[in-house]
Amino acid sequence: MGLWHIIHPLMRSKVKLSTWCKIMTAIVSAVVLAAFCYAEIPFVKYLVVGVFIVLCLTALLYMPLSISVENGTLNINRPLRVKSIPLSSIESVKLFAPTKADKRICGSGGWFGYYGWFHEPSIGRYFAYYGNASDCFLVRLTDGKKYLLGCENPKEIADALIQHTN
C-alpha cells in the first residue's frame, strides 16, 4: 500500500439527484401507476407491471448511490452491486460536465439518475453514473474505457484520484 492509502484510507461522496431526475422519476412512476389503474384488459395490466419491474431492476442494478475510494479501488456504489475500478488502471481524471450535445445510446436519462452508455462529441463513448450533470468528473482507464462519474464532492474525489495517478 503506498503513502496515498495512509493519507486517504476512505473517501466517500454521495450522489445527489438533480431536480430533473426527481421530476422524471415521479412522472414515470405516476404514468405507470395510472396505466395500471386504468387498464381494463388484464394483458395490459400484466404488461405495465412487467415494464415497471424491468425499470426498477435496471435502477437497482445501475443507479449510483455514492462514489468511494478505498483499498486501492475507485468504487461506484449501487443498490445491488459495487463497480470497482483498480486505481492502477486509471490513466487520467478531470472535471467534466456533459453538454446538450451528448446522446444517450442505451441507459437512463433521468430515471433515478443517469446511467448507461452515452456519446459526447468531444470525448466519444462513455459509461455514466451520476445524478447531476454539474457534479461530474471523467475517468479514463489505460484500456481506453471512459466513465463519467458524479457525486456531491467531485473535485475532492477527482483531486485524490489525480494525486494517485501522478
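Next up on the list: the packing of helix H2 (residues 19–38) against helix H3 (residues 42–62). The geometry of H2 relative to H3 is characterised by a closest axis approach of 8 Å and an angle of 160 degrees between their N-to-C directions. Comparing the axis directions of H2 and H3 gives the class roughly antiparallel. For H2 against H3, the interelement crossing comes out left-handed. Across the interface between the two elements, Val 28, Ser 29, Val 32, Ala 35, Phe 36 and Cys 37 of H2 pack against Lys 45, Val 48, Val 49, Phe 52 and Leu 55 of H3. Across the contact of H2 with H3, the residue classes break down as nine nonpolar, one polar and one charged.

This brings us to the packing of aromatic side chains. The tally for this structure, following the rule as stated, stands at eight aromatic pairs. Taking the centre distance of 4.9 Å and the plane angle of 20 degrees together, the rings of Tyr 114 and Tyr 130 count as stacked. With Tyr 114 in strand S7 (residues 113–120) and Tyr 130 in strand S8 (residues 124–130), this residue pair connects regions lying 16 residues apart in the sequence. Summarising the burial analysis for this pair, Tyr 114 and Tyr 130 share the class buried. Judged by centre distance (5.0 Å) and plane angle (90 degrees), the ring pair of Trp 117 and Phe 127 falls under edge-to-face. Placement of the pair is Trp 117 in strand S7 and Phe 127 in strand S8, with a sequence separation of 10 residues. Judged by its relative accessible area of 33%, Trp 117 is partly exposed. Here the aromatic cluster, defined as three or more aromatic residues joined through ring pairs, consists of Tyr 62, Tyr 115, Trp 117, Phe 127 and Tyr 129. Directly above the ring of Phe 36 sits Lys 45, whose terminal nitrogen or CZ lies 4.4 Å from the centroid. The positively charged end of Arg 125 is found above the aromatic ring belonging to Trp 117, 4.4 Å away from the centroid.

Moving on, we come to the pairing of strand S3 (residues 73–77). Of all five residues in S3, five are buried; the element is thus mostly enclosed. Side chains of S3 alternate between two faces, with Thr 73, Asn 75 and Asn 77 and Leu 74 and Ile 76 buried alike. Two strands pair when backbone bridges link them, and strand S2 (residues 66–70) and S3 are joined in this way by five bridges, in the antiparallel orientation. Counterpart to Ile 67 in the pairing with S3 is Ile 76. Count of turn residues in the S2/S3 antiparallel hairpin: two residues, of which Asn 71 carries a positive phi of about 50 degrees.

Rules and cut-offs
- Residues numbered from 1 in each chain as written.
- Predicted model: local features only at pLDDT ≥ 70, side-chain atom pairs only at ≥ 80, totals over all residues.
- Heavy atoms only, no water.
- Axes fitted to C-alpha atoms, helices over the stretch in contact; angles between N-to-C directions.
- Helix = DSSP H or I, 4+ residues; strand = E, 2+ residues; numbered from the N terminus.
- Parallel < 35°, antiparallel > 145°, perpendicular 65-115°, else oblique.
- Left-handed = near helix turned anticlockwise from the far one by under 90°.
- Contact = heavy atoms within 4.5 Å.
- Nonpolar A, V, L, I, M, F, W, Y, C, P; charged D, E, K, R; others polar.
- Phe/Tyr/Trp six-rings, centres within 6.5 Å; stacked < 30°, edge-to-face > 60°.
- Buried < 20%, exposed > 50% of the residue type's maximum accessible area, 1.4 Å probe, protein only.
- Lys NZ or Arg CZ within 6 Å of the ring centre and 35° of its normal.
- Pairing = 2+ DSSP bridges.

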